[in-house]
Amino acid sequence: MEQNRGNFGSRLASILVAAGSAVGLGNIWRFPYELGRNGGSAFLIIYIMCVVFFGVPLMISEFAVGRHAQSNTARAFGMMGGSRYWRWVGFLGVLTGSLILCYYAVAAGWTVEYLFLAGVDGFAGKTPEQFTTDFNSFVSDPVQPIVCMIVFMLLTLFVILAGVEKGIERGSKLMMPMLFIFIVLLAVGSSMLPNGEQGLEFLFSPDLSKVTRSTLLSAMGQAFYSLSLSMGCLATYASYFRREDRLVSNAMNVAWIDLLVAVLASVIIFPAAFSVGVEPGVGPSLVFITLPNVFQQVFAGSPLLCYAFSLMFYLLLVLAALTSAMGLLEVPTIFMKEEFHIRRRWSAIGVTVFAIVVGMACSLSMGLWSGFKIAGMNLFDTFDFFTAKIMLPVGGFFAALYVGWFCDEPTLRGEVTNEGTTAVRFYPIYRFLIRYIAPLAILAIFLNQFGLI
Ligand code: PFF
């Protein structure tokens, strides 16, 4: 196996890089609208339980598999003992990550356009109806969203080409603190708005009567997506961790950072939305239609503040999408490099071209090609459905089975506890969660999605 694969230089770097992959559009775009749709704080509580009971255990497992193998994800599964057919679990992760990248790039392209619009003060003076028609005509345009997606992918490629330490590590160390500062500033500003406390109440006073089976399932799905589980990313990044890095504490740190950003994103969005009387459950358009509109209304009296708020918010969104897409691009890049001996540069360029071509089709499926449907869904939605609702749970289920039941247990214990020097008391709890709770919980989401339970 190749010796000089690159390593993240410090413990903080390992955490920031993994947190960079986790914190993304899933936190700032998807989490608030899922929360809005699913009754607010009740969703938040269930989400936290999902993170604790199966998110963190799965993350520790992926870290252990990746660091132990010191190789790409497809080779990593199976290197901890058991049949070599477990490699297919890793291979599925690489495939899932590559496919997610294709449509993630499209949505990330929208954030680039909105950052541009915010920069040229393009939201000023628009009516709520205009925000809706503008967004719809933008996403269905045959050229504009594709150009934005290409710009975004080239940015991501640029970081990946710079390598593990100089690209991924340096990029994350720069972007993650920026993201954190922006999000805190925006959250403080938003919660001070008139009537903002109604939004905070919606977020933080749990109404457990709102909890239904679908709340539970949405929260589980969100946990997978947001923590970047089962996509090969965490195992790939862990293969660059150093031997002395502590996997359990890294996973816990990544999980709370991810959770904190999701909560802060909601603290930005809901007080602002309540402040102008917008319905919190509007769904995916929350960040692209509702929010720019909310900014306009909230700051009607001070155009400069409105400009600064919008610019900061969309910059935040682009940065978050970028650190996540870096992870998604690295997975197939290192896979092709190690399995097919293609140079890193060409491997990264090849995957980027693939993502752009498939991403173009996904983007066109919202306009020109919207007539082409698979089981009633356009290509973009088909990709989302297939990856997030089928490939992720299947991959997560088998990853939990492998680590919980089939790999070599002493090797796993050695990896998780750094040869018995850390997290020793936590290990039995982790083992219980990964053997029983994680596979059962994932099976429940999966079966429910197909109406089987
Ligand atoms: N976790 C990211 C988000 O919440 O947006 C999405 C993601 C990024 C998934 C990177 C997987 C990955 F490898």
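Every chain begins its residue count from 1, and numbering advances along the sequence as written. Only residues with pLDDT of 70 or above have their local features reported here, since the model is predicted, and side-chain atom pairs are shown and tallied only from 80 upward, although totals for entire chains, interfaces and linings are computed over all residues. The basis for the side-chain values is all heavy atoms of the structure; hydrogens and waters are excluded.

Colleague: Summarise the packing of aromatic side chains; cite the residues concerned and give the values.
Modeller: Put simply, two rings from Phe, Tyr or Trp (the six-membered ring, in Trp's case) pair if the centres are within 6.5 Å, and we call them stacked under 30 degrees between planes, edge-to-face over 60, tilted for the rest. Under the criterion given, the structure shown has 36 aromatic pairs. Plain terms: the ring middles of Tyr114 and Tyr314 are 5.7 Å apart, the flat faces sit at 45° to each other, and that makes the pair tilted. Here Tyr114, found in helix α5 (residues 87-119), pairs with Tyr314, found in helix α14 (residues 303-340); they are 200 residues apart in sequence, far enough to count as distant. Taken as a pair, Tyr114 and Tyr314 share a single burial class, namely buried. Ring geometry for Phe335 against Phe340: centres 5.8 Å apart, planes inclined by 90°, an arrangement best described as edge-to-face. In this analysis the charged atom, NZ for Lys or CZ for Arg, is taken to sit over a ring once it is within 6 Å of the ring centre and within 35 degrees of the ring normal. Its end group placed over the ring of Tyr225, Arg30 keeps NZ or CZ at 5.1 Å from the ring centre. Between Arg435 and the ring centre of Trp405, over which it is positioned, the NZ or CZ distance is 3.8 Å. Under the scheme used here, helices are H or I runs from DSSP no shorter than 4 residues and strands are E runs no shorter than 2 residues, and both carry numbers assigned from the N terminus. For every residue, the accessible area (1.4 Å probe, protein chains only) is compared with the maximum for its type, and the residue is labelled buried under 20%, exposed over 50%, or partly exposed between those bounds.

Colleague: Describe the site of the ligand, listing the residues and the values that go with them.
Modeller: Around the ligand sit 14 residues, and of these Gly26, Tyr104, Tyr225, Met231 and Cys233 come closest. One of the side-chain N or O atoms of Tyr104 is found 2.7 Å from an oxygen atom in the ligand. Here a polar contact means two N or O atoms within 3.5 Å. Within protein one must be a hydrogen donor candidate and the other an acceptor candidate, and residues neighboring in sequence count only if both atoms are side-chain atoms. Within the contact set of the ligand, a nitrogen atom lies 3.0 Å away from a backbone nitrogen or oxygen of Ser226. Shrake-Rupley sampling with a 1.4 Å probe provides the accessible areas, and residues are treated as covered by the protein chains on show and by no other component. Notes on the ligand: free accessible area 340 Å², of which the protein chains cover 100%. Put simply, the parts of the chain that give the shell around the ligand at least two residues each are α1 (11-22), α2 (25-37), α10 (213-226) and α14. Whether a residue is near a molecule or strand is decided by its heavy atoms; if any one of them lies within 4 Å of it, the residue is near.

Colleague: Residues and numbers for the environment of Thr215, please.
Modeller: Structurally, Thr215 is set in helix α10. Separated by 181 residues in the primary sequence, Thr215 and Glu34 place their C-alpha atoms 8.9 Å from one another. Those residues in contact with Thr215 that lie beyond four places of it in its chain are Asn38, Phe43 and Lys210. Contacts are assigned to residue pairs with any non-hydrogen atoms lying within 4.5 Å of each other.

Colleague: Would you mind going over unusual backbone geometry in detail, with residue names and values included?
Modeller: As a rule of thumb, non-glycine residues mostly have phi less than zero, and peptide bonds are mostly trans rather than cis. Although it is not a glycine, His341 sits at a positive phi angle of roughly 55°. Looking at the element boundaries, His341 is found in the loop between α14 and α15 (344-364).

Colleague: I'd like to hear about the environment of Leu229, residue by residue, with values.
Modeller: The topology assignment puts Leu229 in the loop between α10 and α11 (233-238). Between the C-alpha atom of Leu229 and that of Leu58, which follows or precedes it by 171 residues, the distance is 7.2 Å. Non-local contacts of Leu229, meaning those with residues more than four positions away in its chain, are made with Gly55, Leu58, Met59, Glu62, Ala223, Phe224, Leu234 and Leu392.

Colleague: Account for helix α16 (residues 379-406), with residues named and values stated.
Modeller: The angle between axes fitted to the seven-residue stretch ending at a residue and the seven-residue stretch beginning at it gives the bend at that residue. Approximately 35° is the largest bend angle found in α16, and it occurs at Met391, with the proline Pro393 only one to four residues beyond. Two to three positions downstream of the cap, the backbone nitrogen of Phe380 sits 3.2 Å from a side-chain oxygen, assigning the N-cap of α16 to Asn378.

Colleague: Report on the packing of α2 against α10, specifying residues and quantitative values.
Modeller: Lines fitted to C-alpha atoms define the axes here, with helix axes fitted over just the stretch in contact, and angles between the N-to-C directions of these axes take values from 0 to 180 degrees. α10 packs onto α2 with a crossing angle of 180° between their chain directions and a minimal axis gap of 11 Å. What the angle tells us is that α2 and α10 run roughly antiparallel. When α2 is examined against α10, the residues Gly26, Asn27, Arg30, Phe31 and Glu34 are found in contact with a partner set consisting of Ser218, Gln222, Tyr225 and Ser226. Gly is put with the polar residues, along with every residue not named as nonpolar or charged; the nonpolar set is Ala, Val, Leu, Ile, Met, Phe, Trp, Tyr, Cys and Pro, and the charged set is Asp, Glu, Lys and Arg. Per-class residue counts for the contact of α2 with α10 are two nonpolar, five polar and two charged. Oblique is the label for any angle not under 35 degrees, not over 145, and not in the 65 to 115 range, which are roughly parallel, roughly antiparallel and roughly perpendicular in turn.

Colleague: Which residues make up helix α17 (residues 409-416), and what values go with them?
Modeller: Turning to α17, its buried residues are Leu412, Gly414, Glu415 and Val416. After α17 finishes, the residue Asn418 shows a positive phi value of roughly 50°.

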